[in-house]
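# Structural overview for review
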Amino acid sequence: HQAAKTRAIKDGTCRELQSFEDRKNMFTGLFRELEFELPCRAICLGARRGEEVAALRDRGVDAIGLDIIPFPPHVHQGDLHDLPIWDNSVSLVYSNSVDHALFLEKIGREIERVLVPGGLAVFHLQIGIWSDEVATQLDSADEFIKCFLNMTVLSSRSVPEFCGGLSHLLVMRK
């Protein structure tokens, strides 16, 4: 399902998204609020076109995107459940797509594995909304937080809708 959505974006038949630049600007605003030091390595999970990757790169972050379908130049192919990244190798993980993961606990373990001690994990979540037939409905952020064993919650709060329905921002530190 997610692969079909990304293919439709790549071939131009999907018109549901804003322009790349408009979405990149939304992410620029989000990342401006986060406190992280440079140099910084980041991975964006479920990045689709890579607007969040471009926004981080504009801030001087060494960032890559990962999704089921590659979308050059910003997004490489990979499985969110089996990240092709070394242990303790990134300072920042961002995703607004965890509701499309099949196994949230496995995602939690993978994120903890790749984050350096002190690294940040930032998630935009859909809470109480079933977005489509393959999404995992989260009734609270706590359902996702419990998937992490070695993380501290820095912030878990409702936010104005972001990127079409994402209404909760969760920030954690390893």
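Residues numbered from 1 in each chain as written. Predicted model: local features only at pLDDT ≥ 70, side-chain atom pairs only at ≥ 80, totals over all residues. Heavy atoms only, no water.

## Comments concerning the state of the cysteines
Cysteine pairs can be linked by a disulfide, which is a covalent bond between their two sulfur atoms. Defined as follows: Disulfide assignment relies on a single distance test, namely cysteine sulfur atoms paired within 2.5 Å. Type-normalised accessible area, obtained with a 1.4 Å probe on protein chains alone, sets the label of each residue: buried when under 20%, exposed when over 50%, and partly exposed for intermediate values.
Counted under the stated rule, the structure contains zero disulfides. No disulfide involves C44; its nearest neighbouring cysteine sulfur is the one of C40, lying 9.9 Å away. According to the relative accessible area criterion, C44 is buried, its value standing at 0%.

## Notes on the side chain of K24
The cut-off we apply is this: Strands are runs of DSSP state E lasting at least two residues, helices are runs of H or I lasting at least four, and both sets are numbered from the N terminus onward. The criterion used for residue contact is that any of the two residues' heavy atoms lie within 4.5 Å.
Here K24 shows up in helix α2 (residues 20-33). What K24 contacts, discounting residues up to four positions off in sequence, is E51, A54, A55 and D58.

## Remarks on unusual backbone geometry
Cis geometry is adopted by the peptide bond preceding P39, which originates at L38 and carries an omega value of 0 degrees. Locating P39 in the fold gives a position in the loop between α2 and β1 (41-45). Residue P73 follows P72 across a cis peptide bond; omega there is 10 degrees. Within the secondary structure, P73 is located in the loop between β2 (62-67) and β3 (75-77). With a phi angle near 50 degrees, R48 is a residue other than glycine that sits in the positive phi range. Classification of R48 by relative accessible area gives buried; the value is 17%. In the Ramachandran plot, N88 falls in the positive-phi region, its phi being about 50 degrees despite a non-glycine side chain. The residue N88 is located in the loop between β3 and β4 (90-95) in this model.

## Considerations on helix α3 (residues 51-58)
Summarising burial for α3: six of the eight residues are buried, a large majority. Each element contacted by the buried residues of α3 is listed here: α2, β1, β2 and β4. Downstream of α3 by a residue or two, G60 has a phi angle that is positive, lying close to 90 degrees.

Coordinates in, geometry out; function isn't part of it.
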